[in-house]
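Listed here are the chains, written in short residue letters.
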Amino acid sequence: MSDAMPKQFGELETMDAGAMSFGSKTVKIKKMGIGLKLSDEAQQYSAINLLSIYLEDVGVKLGLGLDQIAIDTIFNGDQADGSDSIAVIGSENGTSFAYYDLLRAWVRMQLLGNSPNALLMSEAPTLSILQMEEFKNPSPQYAFGANPSGIQAPTMNFKTPLPQNQSVLTHGAMPSANYIALISKANAMIKLNAQPLRVEQDRNPSTQFTAFYVSLTTGFATLKRDARLCINKATAFSGAGFPSYM
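Residues numbered from 1 in each chain as written. Predicted model: local features only at pLDDT ≥ 70, side-chain atom pairs only at ≥ 80, totals over all residues. Heavy atoms only, no water.

A. Region of the structure containing the overall build of the protein chain. Helix and strand content of the protein chain: six helices and eight strands. Taken from N to C terminus, the helices and strands of the protein chain fall in the order β-α-α-β-α-β-α-α-α-β-β-β-β-β. Within the protein chain, the proportion of its 246 residues that are buried is 32%. Contacts spanning at least 24 positions in sequence make up 79% of the contacts within the protein chain whose residues lie at least 6 apart. (Helix = DSSP H or I, 4+ residues; strand = E, 2+ residues; numbered from the N terminus. Buried < 20%, exposed > 50% of the residue type's maximum accessible area, 1.4 Å probe, protein only. Contact = heavy atoms within 4.5 Å.)

Here it is, written out as structure tokens:
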């Protein structure tokens, strides 16, 4: 966090200057690629465009592979020794996810200035979240229980606001069905593109084969460690609370 707090100063006094500093770290990126060799006969006598189908599949598989690398970076950080790993807190009851667990995480991240706008989880917790009454019936009379007086409660304007929207990202590469990761997409991670996606071809007249190659060099680096947070439903919050930097 920068030294950016405005300070009081009087008439004719010199205004204080803040400061911003950065450390340094080494982040490894990866070169990825794959090729396809097509004979002249395969291109001339096939009724379907084999190259088009193959390149489409390459794009799908490449996206899945990059997702896996990104999720690994979110949880384990970008340092081999694990020093940049995600903060993990427990759940209220130590056995399952509850709406209170999300509220606790949302409020703390908002207080830190890293508003979470995405929930990352595998299939099982996604179904659990979608079954919560607060999401099935989001109106106030359901979200906060039955009102015995029968009088509509006033609208509460949170000055430390809860997120208005959350992107639900379901992926099979999640390390455990016990985890939900909350992410501030603007501050949690950046993508390092050393070489963007490149498609090349090589023709061998003697064998009458044409080879097509797809490659790129990329990776991910974390930006702010407190812009990502993991809830582990299998651990009680009383034993696994927020780390000191949060």
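Back to the write-up after that little detour.
B. Focus on the sheet that holds strand S4 (residues 167-170). Strand order in the open sheet formed by five strands is S2-S8-S5-S3-S4, and the pairing between neighbours is mixed. At either end of the open sheet lies a strand with only one pairing partner, and these are strand S2 (87-91) and S4. Taking each pair of neighbouring strands and ignoring which way they run, the sheet shows an average axis angle of 25°. Pairing geometry for strand S5 (residues 179-183) and strand S8 (residues 228-236), over five bridges, is antiparallel. Pairing of Ile-180 across the sheet is with Ile-231, part of S8. Along the sheet face, helix H2 (residues 50-76) touches strand S3 (118-121), S5 and S8 and points at about 75° away from the line of S8. Packed onto the sheet, helix H3 (residues 99-111) meets S2, S3, S5 and S8 and runs at close to 150° relative to S8. (Pairing = 2+ DSSP bridges. Axes fitted to C-alpha atoms, helices over the stretch in contact; angles between N-to-C directions.)

C. Structural detail: H2. Spanning 27 residues, H2 covers 39 Å between terminal C-alpha atoms, matching the ideal 39 Å at 1.5 Å per step. For H2, the complete set of buried residues consists of Leu-51, Val-58, Leu-66, Ala-70, Ile-71, Thr-73, Ile-74 and Phe-75. Two or three places before Leu-51, at the opening of H2, Asn-49 has a side-chain oxygen 3.2 Å from that residue's backbone nitrogen. Just downstream of H2 lies Gly-77, where phi reads positive at about 75°. (Expected span 1.5 Å × (residues − 1). Polar contact = N/O pair within 3.5 Å; in protein donor to acceptor, adjacent residues only side chain to side chain.)

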